[in-house]
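Residue-level listing of the chains:
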Amino acid sequence: MSTVEDFFAQHDDWPWNPPRPGRATFHYLIAVTEGDLRHDVDHVTRTVAPGQWLWVRPGHVQCWHLPGAARGPFILFEPDVLRPDIARLLAPLTAHEAPAVLSPHPDDTAWLQQTALQLLDEHRALGRRPLDIHHALRRSLLESLLLRLAGSPGIAPIDTAASGTSRADRYGRFLDALELHFRELHQAADYAELLGCSVRTLSRAARDATGKGVRDLIDERRLLEARRLLRGAQWDARTVAVHLGFTDPANFGRFFRDRTGLTPSVFAAGEATTLPPPLLD
């Protein structure tokens, strides 16, 4: 737990001098209270305005920019820090595909920022109170903050995520299976068999949740991993092709070019895509 300005001051030679991509193993959660923060998440440059939050989740490839005038609390936490019951409620928020930039409701902005500052104060208060109480307070503040953030636009409502409706539950189980098996399983039928349902049933669940077909979601996940490995890990195209289950590097090249307009080698040498600043509600 720190602030954007302190984090950069304490790490002035890493990892933004020069900027270089790296894969996150923790949750990076930054509240921007002043200025604009620029940050690359999965090779897309995000601009985070005051009142917004940046969330880089484990597995994402990120690249830092110098903060400039950006200020705000910076929370770093491990994936398993949340209690299991809270983690289940927060699944739509912590999910791999959840938005990188959150724009909470304006009525929540001040509360969220104050809670983040209280969390920062408790983090700095190590030794002020017994260690178990210190850790319990930090966890409680973090969980409270995340539960309020879960109401941000673009995040599935908690009651919907927790309701266990058959299609929503099936889609959630499909995402879990996809994250585990996208390297070796590439057909909708593979996942339908794994989940014990028909392809038609799985397709309906996917379209209800995303408007996309199962095969589209599988291809998107493979493409995302290819982008991460080509630029973030600097793997060569042949190695990426083998890792993602392509029998021929040429097939991987066509797959990548058809979806990005670039060859793998051109993409690996390129820059992040820039997104315009998100509009505040």
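Before any of the text, the structure's been laid out above.
Analysis parameters
- Residues numbered from 1 in each chain as written.
- Predicted model: local features only at pLDDT ≥ 70, side-chain atom pairs only at ≥ 80, totals over all residues.
- Heavy atoms only, no water.
- Axes fitted to C-alpha atoms, helices over the stretch in contact; angles between N-to-C directions.
- Helix = DSSP H or I, 4+ residues; strand = E, 2+ residues; numbered from the N terminus.
- Left-handed = near helix turned anticlockwise from the far one by under 90°.
- Contact = heavy atoms within 4.5 Å.
- Nonpolar A, V, L, I, M, F, W, Y, C, P; charged D, E, K, R; others polar.
- Pairing = 2+ DSSP bridges.
- Parallel < 35°, antiparallel > 145°, perpendicular 65-115°, else oblique.
- Core = buried A, V, L, I, M, F, W, Y, C linked by side-chain atoms within 4.5 Å.
- Buried < 20%, exposed > 50% of the residue type's maximum accessible area, 1.4 Å probe, protein only.
- Expected span 1.5 Å × (residues − 1).
- 1 Å grid on protein atoms, 1.4 Å probe; cavity = no way out; pocket = protein on both sides within 12 Å on 5 of 7 lines; lining within 4 Å.
- Points joined across faces, edges and corners; volume = space filled by probe spheres on them.

J.: Just checking my understanding: could you explain the packing of helix α7 (residues 166-181) against helix α10 (residues 214-232) for this structure?
T.: The angle between the axes and the distance between the axes are what describe a pair of packed helices. At a minimum axis distance of 11 Å, the contact between α7 and α10 shows a crossing angle of 35°. Crossing handedness for the pair α7 and α10: right-handed. Residues Tyr171, Phe174, Leu178 and Glu179 of α7 touch α10, and the partners they reach there are Val214, Leu217, Ile218 and Arg221. When its residues are assigned to classes, the contact of α7 with α10 shows six nonpolar, no polar and two charged.

J.: Please explain the sheet that holds strand β1 (residues 2-3) as it appears in this structure.
T.: Sheet strands pair by backbone hydrogen bonding; their relative direction is either parallel or antiparallel. What the five strands build is an open sheet, ordered β1-β8-β3-β6-β9; its pairing is antiparallel. If you trace the sheet from one side to the other, it starts and ends with β1 and β9 (101-102), each paired once. Across two bridges, the pairing between β1 and strand β8 (residues 73-77) is antiparallel. Looking across to β8, one finds that Ser2 is bridged to Phe74. Packed on one face of the sheet, helix α4 (residues 106-124) meets β1, β6 (53-56) and β8 and runs near 65° to β8.

J.: So what exactly am I meant to see when it comes to the packing of α10 against helix α12 (residues 249-260) here?
T.: α12 packs onto α10 with a crossing angle of 100° between their chain directions and a minimal axis gap of 11 Å. Taken together, the axes of α10 and α12 lie roughly perpendicular to each other. Here Asp219, Arg222, Leu223, Ala226, Arg227 and Leu230 of α10 lie close against α12, whose contacting residues are Phe252, Phe255, Phe256, Arg259 and Thr260. Its residues placed into classes, the contact of α10 with α12 shows six nonpolar, one polar and four charged.

J.: Looking at this model, I keep getting lost on the nonpolar core. Mind explaining?
T.: Most often, soluble globular proteins keep nonpolar side chains buried together rather than apart. Counting residues in hydrophobic clusters, the biggest one holds 29 residues, and the most contacted among them are Phe174, Tyr191, Leu202 and Phe252. Counting only elements with at least two residues in this core, the list comes to α7, α8 (188-195), α9 (199-210), α10, α11 (237-243) and α12. A per-element tally of this core places α10 first, with seven residues. Each residue touching Leu202, except ones within four places of it in the same chain, is listed here: Arg170, Phe174, Ala188, Tyr191, Ala192, Leu195, Cys197 and Val214. Counting 24 residues, the second largest nonpolar core, distinct from the first, contains Trp55, Leu90, Leu102 and Ile155.

J.: Would you mind going over α4 with me for this structure?
T.: Working note: α-helix, 3.6 residues per turn, so residues spaced by three or four point in the same direction. For α4, which comprises 19 residues, the first-to-last C-alpha distance of 28 Å matches the rise-based estimate of 27 Å (1.5 Å per residue) to within 8%. Close packing links the buried residues of α4 with β1, β6, β8 and α5 (131-149).

J.: What should I look at first to understand the pairing of β6 in this one?
T.: By the alternation rule, side chains of β6 split into Trp53 and Trp55 and Leu54 and Val56, which are all buried. Pairing of strand β3 (residues 27-31) with β6, which is carried by four bridges, proceeds in the antiparallel orientation. When the sheet's bridge partners are listed, Tyr28 is paired in β6 with Val56. The sheet contact formed by β6 and β9 spans two bridges and is antiparallel. The residue bridging Leu54 from the neighbouring strand is Val101, located in β9.

J.: What's the story with the environment of Ala205 in this structure? I'm lost.
T.: If you trace the backbone, Ala205 turns up in helix α9. Here the alpha-carbon distance between Ala205 and Ala168, two residues 37 residues apart in the chain, equals 6.6 Å. Excluding residues within four positions of it along the chain, Ala205 makes contact with Arg167, Arg170 and Tyr171.

J.: How should unusual backbone geometry be read in this particular structure?
T.: Note on backbone geometry: most residues besides glycine have negative phi, and most peptide bonds are trans. One non-glycine residue, Asp42, lies in positive phi territory at about 50°. Mapped onto the fold, Asp42 is located in the loop between β4 (37-41) and β5 (44-48). A positive phi angle, close to 70°, is found at His43, a residue other than glycine.

J.: When you look at the layout of surface pockets in this model, what are you seeing that I'm missing?
T.: Empty space among the atoms becomes visible once a probe the size of a water molecule is rolled across them. Estimated volume of the second largest pocket: approximately 330 Å³. Contributing to the lining of the second largest pocket are 13 residues, with Leu76, Phe77, Val81, Arg138 and Leu142 lying nearest its centre. Counting residues per element, the ones that place at least two in the lining of the second largest pocket are β8, α4 and α5. Sort the elements by how many residues they give to the lining of the second largest pocket and α5 lands first, with five residues. Residue classes in the lining of the second largest pocket are distributed as eight nonpolar, two polar and three charged.

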